[in-house]
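So the chains spell out like this:
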Amino acid sequence: MPGNQLLDQIKQYYERYPLAFHLPGWVLYVVLPYQTLPLSQIFSQHEISVLFGIKALNEALIIAFFYINYHILTPETLRRGHLTRLPLAVLGMSTLLIATNWLYYHYVIVADLPRFSAKLTQAGLTVPSQSNWFGTPIPLIITSLISLLLLTSVSTGFAMYHERTERDHGIRRKADEP
């Protein structure tokens, strides 16, 4: 079947050059949300960097956690049955994200908040009043946690697929031995 051959070729290419698949995905994940916002018409490039520095920091932490989960946490959970490690790691990562959000927001964003609000008002936009949790806007926390949970789910699925493929390959190899 030509479809199976194509999938096999893609799988072989992925095994040899995983970065060729991962890098475009990460670029889309990180850059695409910023491309949908018309911020360049309101803010300078430096101001956009300040505003979204927290997202960049969060994304770096979440991407690192993606690979830790993919290569270590989920495989260890599947092999050894340590079912509490992954939820504890996600809880720890969530705490780290909330702490970095709080630190960045309070030590970087708050100082420039009146200027950012004034620019938005001049552009005819209003800054909605936001509830906060421990002094950090709730939408900032929620988006970080949703990204973490989404990418943890994806990396867990990838790891489970990889483990199953390796196990099936090992079973087939044993069956082929005389």
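Residues numbered from 1 in each chain as written. Predicted model: local features only at pLDDT ≥ 70, side-chain atom pairs only at ≥ 80, totals over all residues. Heavy atoms only, no water.

Caption draft 1: Seen up close, the overall build of the protein chain. What the protein chain contains, in helices and strands, is 6 helices and 2 strands. If you list the helices and strands of the protein chain from N to C, you get α-α-α-α-α-β-β-α. Looking at the protein chain residue by residue over its 178 residues, the buried ones come to 29%. Looking at the protein chain alone, contacts between residues at least 24 apart form 76% of all its contacts between residues at least 6 apart. On the protein chain, roughly 12200 Å² of surface is accessible, and the fraction owed to carbon and sulfur atoms is 67%. (Helix = DSSP H or I, 4+ residues; strand = E, 2+ residues; numbered from the N terminus. Buried < 20%, exposed > 50% of the residue type's maximum accessible area, 1.4 Å probe, protein only. Contact = heavy atoms within 4.5 Å. Areas by Shrake-Rupley, 256 points an atom, 1.4 Å probe, with all protein chains shown as cover.)

Caption draft 2: Spatial organisation of the pattern of salt bridges. Following the criterion strictly, the structure yields 4 salt bridges and no others. The residue R79 makes a salt bridge to E76 at a minimum N-O spacing of 3.8 Å. Taken together, the residues R79 and E76, both in helix 4 (residues 53–80) and 3 residues apart, mark about one turn of the helix. Look at R79 and you get exposed, because its relative accessible area is 52%. (Salt bridge = Lys/Arg side-chain N within 4 Å of Asp/Glu carboxyl O.)

Caption draft 3: Structural detail: the packing of aromatic side chains. Enumeration according to the criterion identifies 7 aromatic pairs in this entry. A centroid spacing of 5.8 Å and a plane angle of 75 degrees characterise the contact between W26 and Y29, whose relative ring orientation is edge-to-face. Of the two residues, W26 and Y29 both sit in helix 2 (residues 18–35), 3 residues apart, roughly one turn of that helix. Each member of the pair, W26 as well as Y29, carries the same accessibility label: buried. (Phe/Tyr/Trp six-rings, centres within 6.5 Å; stacked < 30°, edge-to-face > 60°.)

Caption draft 4: Just the nonpolar core, in detail. Counting residues in each nonpolar core, the largest one holds 14 residues, and the members touching the most others are W26, I62, F65, L148 and L151. Looking at this core, the elements that each hand over two or more residues are helix 2, helix 4, helix 5 (85–122) and helix 6 (138–176). V50, F52, I109 and F116 belong to the second largest nonpolar core, which has 12 residues in total. (Core = buried A, V, L, I, M, F, W, Y, C linked by side-chain atoms within 4.5 Å.)

Caption draft 5: Quick peek at the packing of helix 4 against helix 5. Look at helix 4 against helix 5: their axes get within 11 Å of each other, and the N-to-C directions meet at 170 degrees. When the axis of helix 4 is compared with that of helix 5, the two are roughly antiparallel. Contact with helix 4, carried on its side by G53, I54, L57, N58, L61, I62, F65, N69, L73, T74, E76 and T77, involves R85, L86, A89, V90, M93, L96, L97, T100, N101 and Y104 of helix 5 and no other residues of that element. (Axes fitted to C-alpha atoms, helices over the stretch in contact; angles between N-to-C directions. Parallel < 35°, antiparallel > 145°, perpendicular 65-115°, else oblique.)

Caption draft 6: Structural detail: helix 5. Considering bend angle alone, the principal kink of helix 5 is centred on I109 and spans about 55 degrees. Just past helix 5, the residue G124 takes up positive phi, approximately 85 degrees. (Bend = angle between axes of the 7 residues up to and from the residue.)

Caption draft 7: Geometry of the side chain of S155. Assignment of secondary structure puts S155 in helix 6. Of the residues examined, S155 reaches a relative accessible area of 0% and is grouped as buried. A polar side-chain atom of S155 sits 2.6 Å from a polar atom in the side chain of N69. Not counting chain neighbours up to four residues away, the residues in contact with S155 comprise F66, N69 and Y70. (Polar contact = N/O pair within 3.5 Å; in protein donor to acceptor, adjacent residues only side chain to side chain.)

Caption draft 8: Geometry of helix 4. The terminal C-alpha atoms of helix 4 lie 38 Å apart, and with 28 residues this matches the ideal 40 Å at 1.5 Å per residue to within 8%. The largest bend along helix 4 reaches roughly 50 degrees and is located at N69. Looking one or two residues beyond helix 4, the residue adopting positive phi is G81, at roughly 75 degrees. (Expected span 1.5 Å × (residues − 1).)

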